[in-house]
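# Residue-level structure breakdown
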Amino acid sequence: MTDALINTTCVCAVLAGAFVFAVFEQTSGLENWTFESQRREQARAGRMWASPVTLGESSDVRWLPWSKDANSGRIYIVDFIYTSCPGLCEGLGAQFRLMQRELQRQVETMPVSLLSVSFDLAGDTPEQLAAYSQRHGADASVWRVVRPADQREADRLLRTLGIVALEDGTGGFVHNSALHLIDQYGQVRGIYDYGNWQAALEGAGLQARETARAIDESYRETRQ
Amino acid sequence: MKRAGAYAACFTILPSVLFLDGVRHFIETRMLLHMLLEFPLLFLSGAAAAALMVSYAGGTAWVIEKIDYRGLTAITLVLCVSAYWMIPASLDNSLLQPGVALAKYASWWFAGWMLALSWRRMSEVLRMFMLGNLCWMFGSVGSLFQVSESRLCVNYLFGDQQMTGRALVGVAVSLAALLIYRAHEYSRRTGATA
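Fair warning: this is a prediction, and the values are worked out from it, not measured in the lab. (Residues numbered from 1 in each chain as written. Chains lettered and ligands numbered in written order. Predicted model: local features only at pLDDT ≥ 70, side-chain atom pairs only at ≥ 80, totals over all residues. Heavy atoms only, no water.)

### Description of the domain arrangement of chain A
Residue and element names in this part refer to chain A. Here chain A is partitioned into domain 1 (2-44) and domain 2 (55-223). Once you take the C-alpha centre of each, domain 1 and domain 2 turn out to be 37 Å apart. Opposite the five residues of domain 1 that make contact, domain 2 presents 13 residues. When the buried surface of domain 1 facing domain 2 is broken down by residue, Arg39, Arg40 and Ala43 rank first, second and third, together holding 80% of it. If you look at where domain 1 meets domain 2, you find one salt bridge. The shortest N-O distance in the salt bridge between Arg40 and Asp193 comes to 3.0 Å. Here domain 1 and domain 2 share four residue pairs in polar contact (both at pLDDT 80 or more) between them. (Domains from an automatic or database assignment. Contact = heavy atoms within 4.5 Å. Buried area = accessible area lost by both parts, 1.4 Å probe. Salt bridge = Lys/Arg side-chain N within 4 Å of Asp/Glu carboxyl O. Polar contact = N/O pair within 3.5 Å; in protein donor to acceptor, adjacent residues only side chain to side chain.)

This is the structure:
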């Protein structure tokens, strides 16, 4: 009987240890209990990469904003939309307009672009996207309203960013929306709440200067 | 007895419906069904498999007895498994990563299997201890789901989360009722023998 008790104690200790380990792993040290906070932590740590995607306002525009061998030095502030979204999304469009104004006002133009990417390929035709961008006064040199070339690319992009769009049962979608700072290589440099758009802009500016410096240095090295 | 065997066999193979993409999708896209249908289903399947094993190959259970003194291992396993799958991030990841999904199916099934094998060896006090633990766990998670002002899982709608919260509290209340009943019975019995 005591043998069984000793065995049991050992097995229970192992089980409890495995449990504590699994919980620590899952919550990154009891910090992140939800997927959304895990995702943001991942972005902060530089471990999140957006899959390369061809975007465009219409089907004949094929543009690759970020890729492994890019050298545009651009930083994108990306959010995900569907244009038939009532209420909330319209408010978010307004925040993009504020960011646009801020970027236009800058004396020294920063290589920062705003991107609203539609994930509702069936609903968001090029006309719908154009209407949306007109409604919000998007200046195409700063803020582009685009959609991925096909559903597969859209799904892959959402998956790599950990975004899940759910049908809400009334024809719309619910999704974990936020501002994503993505650099020219597709590395996500930060995820911000909409309300925090100033911080997102600041982060993008910092990132852009850093990238410019890195490009400068490598240019100097190649000249020497 | 034969009929009991048939029921046990049915319960054992019941979770294989989750192999059907349509069924799994229907269940797992609803938080309520995911937590309060799929989890119990897997658990019961494991338990039914254990019952079948005992009745057809009862001799093999002694191996388990060696590492499961009076059901302590089974209780530890059940409490750990149920606590782990109450974490919102675990739920989300089980839908987004196949490996985590596999761990979910296996752990719930195994917890049921283990508990059924040790149920008879367990003292009534230990059973009540387990029920009590599950009771406060479901109750607190359920109320957390209800008071949270935002979505805790990216895969579930806010309304679904609230409904699941209420249902979990409902389960906790039923467990509390069961616990009180068992405690009452237990004290009556021990009082009679004393």
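Having put the structure on the table, let's press on.
### Regarding the sheet that holds strand E7 (residues 179-182) of chain A
Residue and element names in this part refer to chain A. The six strands are arranged E1-E4-E3-E2-E7-E8 in an open sheet whose pairing can be described as mixed. Taken across any chain shown, the strands that pair with only one partner, and hence form the sheet edges, are strand E1 (55-56) and strand E8 (188-192). Examined bridge by bridge, strand E2 (residues 75-81) and strand E3 (residues 112-118) share seven bridges and lie parallel to one another. Following the sheet pairing, Asp79 is matched in E3 by Ser116. Along the sheet, helix H2 (residues 35-44) contacts E7 and E8; its crossing angle with E8, the most-contacted strand, is approximately 140 degrees. Taken strand by strand, helix H4 (residues 126-135) contacts E1, E2, E3 and strand E4 (143-148), and its axis lies near 160 degrees from that of E4. (Pairing = 2+ DSSP bridges. Helix = DSSP H or I, 4+ residues; strand = E, 2+ residues; numbered from the N terminus. Axes fitted to C-alpha atoms, helices over the stretch in contact; angles between N-to-C directions.)

### Things to note about the environment of A:Glu153
Residues and elements named next belong to chain A. Relative to the elements of secondary structure, Glu153 occurs in helix H5 (residues 151-161). For Glu153, a relative accessible area of 16% corresponds to the buried category. Each C-alpha atom of the pair Glu153 and Ser51 lies 8.3 Å from the other, and the pair is 102 residues apart in sequence. (Buried < 20%, exposed > 50% of the residue type's maximum accessible area, 1.4 Å probe, protein only.)

### Re the packing of aromatic side chains
Residues and elements named next belong to chain A. Evaluated as defined, the whole model comprises ten aromatic pairs over all chains. Ring geometry for Tyr82 versus Phe119: centroids 5.8 Å apart, planes at 55 degrees, classification tilted. Taken together, the residues span a long stretch of sequence, with Tyr82 in the loop between E2 and helix H3 (88-105) and Phe119 in the loop between E3 and H4 at a distance of 37 residues. Assessed through its relative accessible area of 8%, Phe119 is described here as buried. Between the aromatic rings of Phe119 and Phe173, the centroid separation amounts to 5.3 Å while the plane-to-plane angle is 85 degrees, which identifies the pairing as edge-to-face. Of the two residues, Phe119 is situated in the loop between E3 and H4 and Phe173 in strand E6 (residues 173-175); the sequence distance between them amounts to 54 residues. Overall, Phe173 belongs to the buried group, its relative accessible area being 19%. These aromatic residues form a ring-pair network of at least three members: Trp63, Trp66 and Tyr76. (Phe/Tyr/Trp six-rings, centres within 6.5 Å; stacked < 30°, edge-to-face > 60°.)

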